[in-house]
Amino acid sequence: NDYLGRDKTEKKKESVIDNIEKYKICILIPTYNNAKTLLRVLNGVQEYTQHIIIVNDGSSDQTASILQQYNHLKIISLSKNQGKGNALQVGFQEALKMGYEYALTIDSDGQHYPSDIPVFIEKLLEFQKPILLIGSRNMNQDSVPKKSSFGHKFSNFWFHFETGIKLTDTQSGYRLYPLLYIPKKFFTKKFEFEIEIIVRTAWNGIPVQNVPIQVLYDPTERVSHFRPFRDFTRISILNTILVFIAVFYIKPRDFFRNIKKKS
């Protein structure tokens, strides 16, 4: 039974590896001062693919020396820290240049498990159309910081209001993006970018869905760069703008489109 179990696991892994190639998927890892966990994340991802793009967003710790071990991967080093949103946009542009059609983003702070990569691939295979997938974390764990739990509920509420789509997690950075169907230009470059991109992609008619993932919040390892007051203020401003656009443009546009379809 153990042999059969291992054989089944290996076949499943081989299938994931094949489909990463087939669907032109890369793993995009933005990183900023996460030297404690970066090695583990990179080694875990490499069990599934070498199609990896790393964006070093001006790290000042040991990140650069760690990345010297991974010269076989695509590494983009930015001279100064410009924010996660900017790092993702740089990665998306590079992925498109390299011919990829999907980018699976994973945070380098150790909270995501590379072993969840198959969950995204399986959902893509099931859907068979362009889709944006967001990992859904269990935010009821005792280890989850209160600021993360509050931000989670806050973000879910506004995303539902702005798009009509109800999700269990809109803040997780573990995502599969359909590169050919996301907006070409963006307004934000920091943490709020991950809200902007899912709202505007949904407005473009691309389905946005959750897939279940594991999450690890280890206070001895994890370095969070989220600054509650500053980043929450930016997120609130962005949501105000998105609500205005949703109410005065998107909802009327969709209303008249539906009338046209029926007539």
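Below is a short write-up of the structure. The model shown is predicted, which means the values in this text are computed figures rather than measured ones.

**Section: the overall build of the protein**
Thinking step 1. A count of helical and extended segments in the protein gives eight helices and seven strands.
Thinking step 2. Per-residue burial for the protein yields a buried fraction of 50% across its 263 residues.
Thinking step 3. For the protein, the accessible area works out to roughly 13900 Å², and carbon and sulfur atoms hold 56% of it.

**Comments concerning the nonpolar core**
Nonpolar side chains tend toward joint burial in soluble globular proteins.
Thinking step 1. In terms of nonpolar packing, the biggest core is built from 34 residues, with I53, F92 and I197 touching the most fellow members.
Thinking step 2. Of all elements in the fold, only β1 (25-31), β2 (52-57), β3 (74-78), α4 (84-97), β5 (132-136), α6 (146-163), α7 (193-203) and α8 (228-262) reach the threshold of two or more residues within this core.
Thinking step 3. The element that contributes the greatest number of residues to this core is α7, accounting for seven residues.
Thinking step 4. For F92, the residues in contact, after removing those within four places along its chain, are L28, A103, T105, Y177, L179, I182, F193 and I197.
Thinking step 5. If you look at the next biggest cluster of nonpolar residues, it comprises 31 residues, including V16, V45, L73 and Y102.

**Examining helix α5 (residues 117-127)**
Thinking step 1. Among the residues of α5, those classed as buried are I117, P118, F120, I121, K123 and L124.
Thinking step 2. Of the residues one or two after α5, Q128 is the one with positive phi, at around 60°.

**Examining the pairing of strand β4 (residues 102-105)**
Thinking step 1. On β4, burial covers both faces: Y102 and L104 on one face and A103 and T105 on the other are all buried.
Thinking step 2. In terms of strand pairing, β1 meets β4 through four bridges, oriented parallel. What sits directly across from C26, in β4, is A103.

**Notes on the packing of α4 against α7**
Thinking step 1. At a minimum axis separation of 8 Å, α4 and α7 run at an interaxial angle of 50°. Viewed along their axes, α4 and α7 adopt a mutual orientation that is oblique. In this structure, α4 contributes K84, G85, L88, Q89 and F92 to the contact, and α7 contributes F193, E194 and I197.
Thinking step 2. Its residues assigned to classes, the contact of α4 with α7 shows four nonpolar, two polar and two charged.

**As for unusual backbone geometry**
Thinking step 1. Non-glycine residue N33 carries a positive phi angle of around 55°.
Thinking step 2. Among the structural elements, N33 can be located in the loop between β1 and α2 (35-45).
Thinking step 3. The backbone of Q128 shows a phi angle near 60°, a positive value even though the residue is not glycine.
Thinking step 4. Following the sequence through the fold, Q128 ends up in the loop between α5 and β5.
Thinking step 5. Accessibility expressed as a relative area gives 53% for Q128, which makes it exposed.

**A few points about the pattern of salt bridges**
Thinking step 1. Counted by the stated rule, this structure contains 11 salt bridges.
Thinking step 2. A salt bridge links E47 to K13; its shortest N-O distance comes to 3.2 Å. Of this pair, E47 sits in the loop between α2 and β2 while K13 sits in helix α1 (residues 2-22), placing them 34 residues apart in sequence.
Thinking step 3. For E47, a relative accessible area of 47% corresponds to the partly exposed category.

What counts and what doesn't
Residues numbered from 1 in each chain as written. Predicted model: local features only at pLDDT ≥ 70, side-chain atom pairs only at ≥ 80, totals over all residues. Heavy atoms only, no water. Helix = DSSP H or I, 4+ residues; strand = E, 2+ residues; numbered from the N terminus. Buried < 20%, exposed > 50% of the residue type's maximum accessible area, 1.4 Å probe, protein only. Areas by Shrake-Rupley, 256 points an atom, 1.4 Å probe, with all protein chains shown as cover. Core = buried A, V, L, I, M, F, W, Y, C linked by side-chain atoms within 4.5 Å. Contact = heavy atoms within 4.5 Å. Pairing = 2+ DSSP bridges. Axes fitted to C-alpha atoms, helices over the stretch in contact; angles between N-to-C directions. Parallel < 35°, antiparallel > 145°, perpendicular 65-115°, else oblique. Nonpolar A, V, L, I, M, F, W, Y, C, P; charged D, E, K, R; others polar. Salt bridge = Lys/Arg side-chain N within 4 Å of Asp/Glu carboxyl O.

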